Amino acid sequence: MATSLPSVLPVPICAGTMVSPLAGDLTHSKPHFDHHPNVWGDYFLTFSPCSPSILLNMKSKAHVMEEQVRRMILECSSGPNLHVELELVDTLERLCIDYHFKKEIDNVLHRVHNEQGDANNHYDLHTTALRFYLLRKHGYHASPDVFQRFRDKEGNFTCDDNNGTRSMLSLYNAAHVRIHGEDILDDAIIFTRNYLQSAVKHLQSPMAAEVCCALRSPLFRRPRRVEARHYISVYEKLPTRNETILEFAKLDFTILQSLYCEELNILTMWWKELQLQDHLSFARDRMVEMHFWMLGVLFEPQYSYGRIMLTKLFIFVSIFDDIYDNYSTLEESKLFTEAIERWDEEAVEELPGYMKFFYNKVLTTIKAIETDLKLQGNKHVDYVKNLLIDATRCYYNEVKWRAEGADQAAATVEEHLKISVPSSCCMHVPVYAFISMGNDVTTDDAINWGMAYPKIITSSCVVGRLVNDIASHEREQESSSSTVEACMREHGGITKAEAYAKLRELVEESWMDIAGECLRPPAAQPPPLLEAVVDATRVLDFLYKDDQDAYTHPSSLKDTIHSIYILSV
């Protein structure tokens, strides 16, 4: 946490040193943070999942198989079996190859939604739950009353098929796209969670793996590429698998894997050329992990430049976070914020030594990004700089609020979130994604809508802020500035475990807000933009799962990154 010092200009400090300027007769020591070192180094400078010739052959084969799968969707759509149709859509989405068939899938779900007559009477629990889940996931209104007929007199849920675990798992996943006021889905979550926790002890793979994965994170909340890697390993073990779909999914996974590694090659070279670690040794070196983060927001091949752009931008935002939150004095934070607001090279002269080099690199990089976007014909170039300036203001506002002491110490969770939600910079991720998606998807109105913190983005930010605070609380418990501490104070000194539980309730409420805001009409923006917000929230949930900050402690992410970027399927 930043420390308030008398208003004097700091003298420059040497790279990597941990001393700060004299203030009166006192020497204030900079805090030292033992961040885990970079676990990847220059690995992606030389690694590629396959040779160019093999990649070319895979793309050719994948193109043929894509058309074969498209014919399957069309043939299935003309048949009478809703169960088969829904299973196909769910399989394509879980394997993360649905982006090839958006039009066909939209047509299927539009027709399924309009066929309301059969929904209440003829389907088993698994099919009913899968129908509900897919419709809600795609923004269609679907009534939870369809589950009433699966409840007995005691309120327990029952299934009328031979695979009770599969049905309860489907209901569990469906219930997690609930919105506020849907008591039957609240009950379904409690019931199915207890059922699955008991059943998993007696299950075999792949169902055991499916249940364990769901109990850790329901299907709606999983990052798309993480789920694709997981589900390929599950799907290939299923006796009902379709070999064409499986092979196409593996080809597509490897093709995208190769593209992601090309992007990491470019980013590794850029990061090495910046040489920022020589000047900011206290900052987290997380270029690969940041690309994984942005990959969770935009995974499709057409957004390759967008992922590179977002990774560069949020490497800077990550360094902002370390400067403001852990290293700079209040006066230094003020100087840096003012310099960013000025956005000119002369402003560097007002900065302490360790900030000068970084400031110049920020300006140079943003100028290069703006040039790239202009060459692409992107009409939203000006927002790139403005959003970065906004990020520094958000960080400084929180630092200043902390320094004021009294107001911060008496803050409720709600009051705390008014300050700490903007400084989470969770709004900036999807809005930068909007920019990178280009003119065909994004408008100035959409960007300004996002920057105004509409309900869906505020809810996403609340999820990010709270799961981050819970995960980092043990590490930062000397600080009284987290929402955990605010919750403990607000509720009369409850334990940290009790505070965690209360904050997780707010997380669940925020997920319900997100699900509600995606329903159409009156969804405020086109589905691709809303999906970017949901995807950004999924990554936040994943990175701070199980009360662990996987970004700060990258060893916990290493296996996941290895499976997505390196390991063959």
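Residues numbered from 1 in each chain as written. Predicted model: local features only at pLDDT ≥ 70, side-chain atom pairs only at ≥ 80, totals over all residues. Heavy atoms only, no water.

(A) Region of the structure containing the environment of Gln 204. Structurally, Gln 204 can be placed in the loop between helix H7 (183–199) and helix H8 (207–216). You can call Gln 204 exposed: its relative accessible area is 66%. (Helix = DSSP H or I, 4+ residues; strand = E, 2+ residues; numbered from the N terminus. Buried < 20%, exposed > 50% of the residue type's maximum accessible area, 1.4 Å probe, protein only.)

(B) Summary view of the side chain of Asp 469. In this structure, Asp 469 sits in helix H20 (residues 455–472). Residue classification places Asp 469 among the buried positions, given a relative accessible area of 5%. Not counting residues up to four positions away in its chain, the partners in contact with Asp 469 are Ser 482, Thr 483 and Val 484. (Contact = heavy atoms within 4.5 Å.)

(C) Molecular detail of unusual backbone geometry. Here Ser 205 and Pro 206 are connected by a cis peptide whose omega angle stands at 10°. Of note, Pro 206 is situated in the loop between H7 and H8. Even without a glycine there, the phi angle at Cys 96 is positive, about 60°. With respect to the helices and strands, Cys 96 occurs in the loop between helix H3 (82–94) and helix H4 (102–114). Judged by its relative accessible area of 0%, Cys 96 falls in the buried class. A positive phi is found at Gln 275, a non-glycine position, where the angle reads about 60°. By the secondary structure assignment, Gln 275 is in the loop between helix H10 (243–274) and helix H11 (287–297).

(D) Broad picture of the domain arrangement of the protein. Annotation of the protein at the domain level lists domain 1 (52–115 + 122–246) and domain 2 (275–566). When each unit is reduced to the centre of its C-alpha atoms, the spacing between domain 1 and domain 2 is 31 Å. Buried area between domain 1 and domain 2, summed over both chains or domains, comes out near 2500 Å², and the portion from carbon and sulfur atoms is 61%. Put simply, domain 1 and domain 2 have three salt bridges between them. Here Arg 216 ties to Asp 546 by a salt bridge, and the two come within 2.9 Å at their closest N and O atoms. Counting the contacts that link domain 1 with domain 2 gives 11 residue pairs in polar contact (both at pLDDT 80 or more). Those elements that provide at least two residues to the side of domain 1 that touches domain 2 are helix H5 (125–137) and helix H9 (224–235). Ranked by residues supplied to the side of domain 1 that touches domain 2, first place goes to H9 with four residues. Its residues assigned to classes, the side of domain 1 that touches domain 2 shows eight nonpolar, five polar and nine charged. (Domains from an automatic or database assignment. Buried area = accessible area lost by both parts, 1.4 Å probe. Salt bridge = Lys/Arg side-chain N within 4 Å of Asp/Glu carboxyl O. Polar contact = N/O pair within 3.5 Å; in protein donor to acceptor, adjacent residues only side chain to side chain. Nonpolar A, V, L, I, M, F, W, Y, C, P; charged D, E, K, R; others polar.)

(E) Molecular detail of a negative patch on the surface. A cluster of acidic residues, Glu 345, Glu 346, Glu 349 and Glu 350, forms a negative patch on the protein surface. Assignment of secondary structure puts Glu 349 in the loop between helix H13 (330–342) and helix H14 (353–375). Classification of Glu 349 as exposed rests on a relative accessible area of 60%. (Patch = residues over 30% accessible without salt bridge, like charges linked within 9 Å, V, L, I, M, F, W, Y side chains within 5 Å. Areas by Shrake-Rupley, 256 points an atom, 1.4 Å probe, with all protein chains shown as cover. Lys, Arg positive; Asp, Glu negative; His and termini not counted. Charge placed at Lys NZ, Arg CZ, Asp CG, Glu CD.)

(F) Representation of the nonpolar core. In this structure, Phe 147, Phe 358 and Tyr 565 are the most contacted members of the largest nonpolar core, which totals 188 residues. Two domains each put at least three residues into this core: domain 1 (52–115 + 122–246) and domain 2 (275–566). Beyond its immediate sequence surroundings of up to four residues, Phe 358 is in contact with Leu 276, Leu 280, Phe 316, Ile 319, Phe 320, Ile 323 and Phe 336. (Core = buried A, V, L, I, M, F, W, Y, C linked by side-chain atoms within 4.5 Å.)

(G) Just the pattern of salt bridges, in detail. Tallied over the full model, the rule gives 33 salt bridges. The partner of Arg 94 in a salt bridge is Glu 227, with the nearest N and O atoms 2.7 Å apart. Highlighted residues: Arg 94 in helix H3 and Glu 227 in helix H9, separated in sequence by 133 residues. Here Arg 94 and Glu 227 have matching classes, each one buried. Here the salt bridges do not stand alone but share partners, grouping Glu 66, Glu 67, Arg 70 and Glu 104 into one network.

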